[in-house]
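Working through the structure, step by step
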Amino acid sequence: MSKRQSTAVYGEVIDAISRFLAAPPEGTPREIIRAFDLLGDKDFLPPKLFLETVEQAPVAISITDPAARILYSNAAFEKLTGYTRDDVVGLNESVLSSNSTPMEVYQGLWQTIKEKKVWRGTLVNHRKNGGEYLAELIISPVLNPDGRVAYFLGMHRDVTELHALEQRLAFQKKLTEAALDAAPMVVAMIGSDGRVLLDNHAYKALLGDLGGEPATLFVDALQQQIGFDLSNGGDESDGFTNIDVRLDRRGAQTPRWFSCSGVRIVDLDDAAGSYFRRDDDGERSCLLLIANEVTESRNRVNEARLNMIRANMAEQQMVQTMREAISASLFKLQAPINIIKAAMAMCAHGNDCCGMGPVLQQALDSGEEAVESLHHALPGPRAEQAASVNMNELVHEVLRLSTDSLLAAGVVVDWRAAPVLPALRGRPNGLRALLKYLIDNATQALNESGRDYREMRIETREENGDVVVAVMDNGPGISDAHTLRVFEPFYCGWEHSRDHSGMGLTMAQEVAISHGGSIEIDRHFIGGCRVFVRLPYVSSAGDGP
Ligand code: FAD
């Protein structure tokens, strides 16, 4: 009898047993029914069905004895390997082995299955016609009732194409990465959840310098500048080009500037649950960001701008000094005028003024005339248009403009800018003047402290809809009693008040208030003075003084 015939006969026997068990003849001993039951309980599927299932399964299946001699192979096995059942029954599975699989792999395989465990792995097999293929194989030991290995069940499929695809993908990835790394600009693919899916050397170099994940900083800056929202779907046409983004580095004096372009790409969605999702179900997108550093050219432009601002501020300072001097004169002139008015009131009430009435009247007239002409001479506040303002930029400019005085006073500046700060509507010159008052005050305080180590720290941050600028110094500080008085006009608490009229903080407060904000001295600050300026960035400031 051939091996093929023996398998057919085995099938018929199982069929016969199934029929017998379905209606056992009356009087059949129980032991016999139980013995047949071991081959296939009638409550379950008949054994023939199992045989058919294995036979027709689309995966190559073979059953071996404990020494890997093949007892059975199914139709898919024949289709894949080219070996018929008659070719292989009685042979070792090594008939499929090509010489490309390392011996250690086989040793590992045998060690695993001998321990009665399932082995999964990949082997290089060859077909009957000699062609090689990659076999993804699972070998499962089948134990007999006393726990020893009775058979091995082998199932394998051809994964040659899958492997080729993986290799091609890996190669493509390497190619893409090499090309990206060679590019001088920063390139990053940012997922909808903000994770970086792909980046290049230039991007990685930024990581160390910026003290934060550059992707987050870029996405935040783009959201604030152009309202670009990565988490909110959008379609592939929703990109941007050449948007200048400023990133401030903690502790560094100069910011870095990048010209950014980006395109949205539909995000990879490999979740099983998304398999049947339709295209119009709203896709998540990721951002391909290309950022070219333009710090140098920006610095050149900024230098020219700074010179303009310097000239502008000098002029503004001059006008301000005149305003302060005239205001002080008006203030001082008011005292004698008040005395004259009081004296004249006494004369009017019948007191003996020794005929001084006309003289007093003349003095009052000329005093009031002087007040009026001083009022005329008082330069009016310069009208300034509100514009979009970045406080980091203004602090940076004012620090640059104050470099000489800071160096002369031996002040170490610790500039802690928020990496990304929302822009606010404001009058840049007014706000620069505000910052200059605060920095000049801190410098003066440090000068007067006589300390060896003089430090000024400036911090910016966003807080509850406000942009907050904190200016701190380790000078003598301001006592509780004076935290409000220092804002009064002409109040001057400096020991050496040569260039100070006592109007600086008054003016600074005026600017803050005209922007809908505030300025306050931190009463709880220990070891110096800390001033907070809060400027709302949501509401826009009008074109005030
Ligand atoms: P061998 O000398 O036969 O084996 C290599 C090493 O494996 C030996 O040095 C030894 O360490 C270990 N080894 C081999 N046989 C035993 C054993 N009986 N007990 C303990 N250790 C042993 N191989 C394939 O290449 N392709 C297949 O598709 C494949 N399918 C298999 C399916 C099943 C169910 C089983 C049980 C094994 C299968 N094998 C397959 C492994 C196969 O039996 C051979 O071990 C392998 O092909 C290497 O054969 P070889 O003649 O080159 O070396």
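Since this is a predicted model, take the numbers as computed values, not measurements.

Along the chain, Glu384 falls in the loop between helix H11 (357–377) and strand E11 (387–389). No salt bridge is formed by the buried Glu384; the nearest opposite charge belongs to Arg427, separated by 5.1 Å. Side-chain polar atoms of Glu384 contact the backbone nitrogen of Asn429, separated by 2.7 Å. A distance of 3.2 Å separates a polar atom in the side chain of Glu384 from the backbone nitrogen of Gly430.

For the ligand, the set of nearby residues contains 19 residues, the closest of which are Asn92, Ser97, Tyr106, Trp110 and Asn125. One of the side-chain N or O atoms of Asn92 is found 2.9 Å from an oxygen atom in the ligand. Coverage of the ligand by the protein chains reaches 74% of its 910 Å² of free accessible surface. Mapped onto the shell around the ligand, the elements with two or more residues apiece are helix H6 (103–114), strand E3 (119–126), strand E4 (132–143) and strand E5 (149–158). With six residues, the top contributor of residues to the shell around the ligand is H6.

Moving on: the packing of aromatic side chains. Throughout the structure, instances matching the rule amount to three aromatic pairs. Centre to centre, the rings of Trp110 and Phe152 are 5.9 Å apart; their planes meet at 85°, and the pair counts as edge-to-face. You can see Trp110 sitting in helix H6 and its partner Phe152 sitting in strand E5, a full 42 residues away along the chain. A relative accessible area of 30% places Trp110 in the partly exposed class. Look at Phe218 and Phe258: their rings are 5.3 Å apart centre to centre, the planes differ by 80°, and that puts the pair in the edge-to-face class. Of the two residues, Phe218 sits in helix H9 (residues 214–226) while Phe258 sits in strand E9 (residues 256–266), which places them 40 residues apart along the sequence. Judged by its relative accessible area of 1%, Phe258 is buried. Lying over the aromatic face of Trp257, Arg298 brings its terminal NZ or CZ to 3.7 Å of the ring centre. Sitting over the ring of Phe532, Arg534 keeps its end group 5.1 Å from the ring centre.

Sheet topology note: the strand E6 (residues 186–190)/strand E10 (residues 285–293) ladder contains five bridges and is antiparallel. Bridge pairing in E10 links Ala188 to Leu289. Pairing of E9 with E10, which is carried by nine bridges, proceeds in the antiparallel orientation. Counterpart to Arg264 in the pairing with E10 is Leu287.

Another aspect to go through is the sheet that holds strand E2 (residues 70–73). Taking strand neighbours across the sheet as the criterion, the five strands line up as E2-E1-E5-E4-E3 in an open arrangement whose pairing is antiparallel. Sheet topology places E2 and E3 at the edges, where each strand pairs with a single neighbour. Along the sheet, successive strands turn relative to each other by an average axial angle of 30°, direction set aside. With nine bridges connecting them, E4 and E5 associate as antiparallel partners. Within the sheet, the bridge partner assigned to Pro141 lies in E5 and is Phe152. Relative to the sheet, H6 contacts E3, E4 and E5, its axis offset from that of E3 by approximately 140°.

Positive phi values are uncommon outside glycine, yet Ala68 reaches one of about 75°. Examined against the element boundaries, Ala68 turns out to sit in the loop between strand E1 (60–64) and E2.

Orientation of helix H12 (residues 391–401) relative to helix H14 (residues 428–449), taken along the N-to-C sense of each, is 55°, at an axis distance of 9 Å. As far as their axial angle goes, H14 and H12 are oblique. Viewed along their axes, H12 and H14 form a crossing whose handedness is right-handed. In this structure, H12 contributes Met391, Leu394, Val395, Glu397, Val398 and Leu399 to the contact, and H14 contributes Pro428, Leu431, Arg432, Leu435, Lys436 and Ile439. In terms of residue class, the contact of H12 with H14 is made up of nine nonpolar, no polar and three charged.

Cut-offs used in this document
Residues numbered from 1 in each chain as written. Predicted model: local features only at pLDDT ≥ 70, side-chain atom pairs only at ≥ 80, totals over all residues. Heavy atoms only, no water. Helix = DSSP H or I, 4+ residues; strand = E, 2+ residues; numbered from the N terminus. Buried < 20%, exposed > 50% of the residue type's maximum accessible area, 1.4 Å probe, protein only. Lys, Arg positive; Asp, Glu negative; His and termini not counted. Salt bridge = Lys/Arg side-chain N within 4 Å of Asp/Glu carboxyl O. Polar contact = N/O pair within 3.5 Å; in protein donor to acceptor, adjacent residues only side chain to side chain. Near = heavy atom within 4 Å. Areas by Shrake-Rupley, 256 points an atom, 1.4 Å probe, with all protein chains shown as cover. Phe/Tyr/Trp six-rings, centres within 6.5 Å; stacked < 30°, edge-to-face > 60°. Lys NZ or Arg CZ within 6 Å of the ring centre and 35° of its normal. Pairing = 2+ DSSP bridges. Axes fitted to C-alpha atoms, helices over the stretch in contact; angles between N-to-C directions. Contact = heavy atoms within 4.5 Å. Parallel < 35°, antiparallel > 145°, perpendicular 65-115°, else oblique. Left-handed = near helix turned anticlockwise from the far one by under 90°. Nonpolar A, V, L, I, M, F, W, Y, C, P; charged D, E, K, R; others polar.

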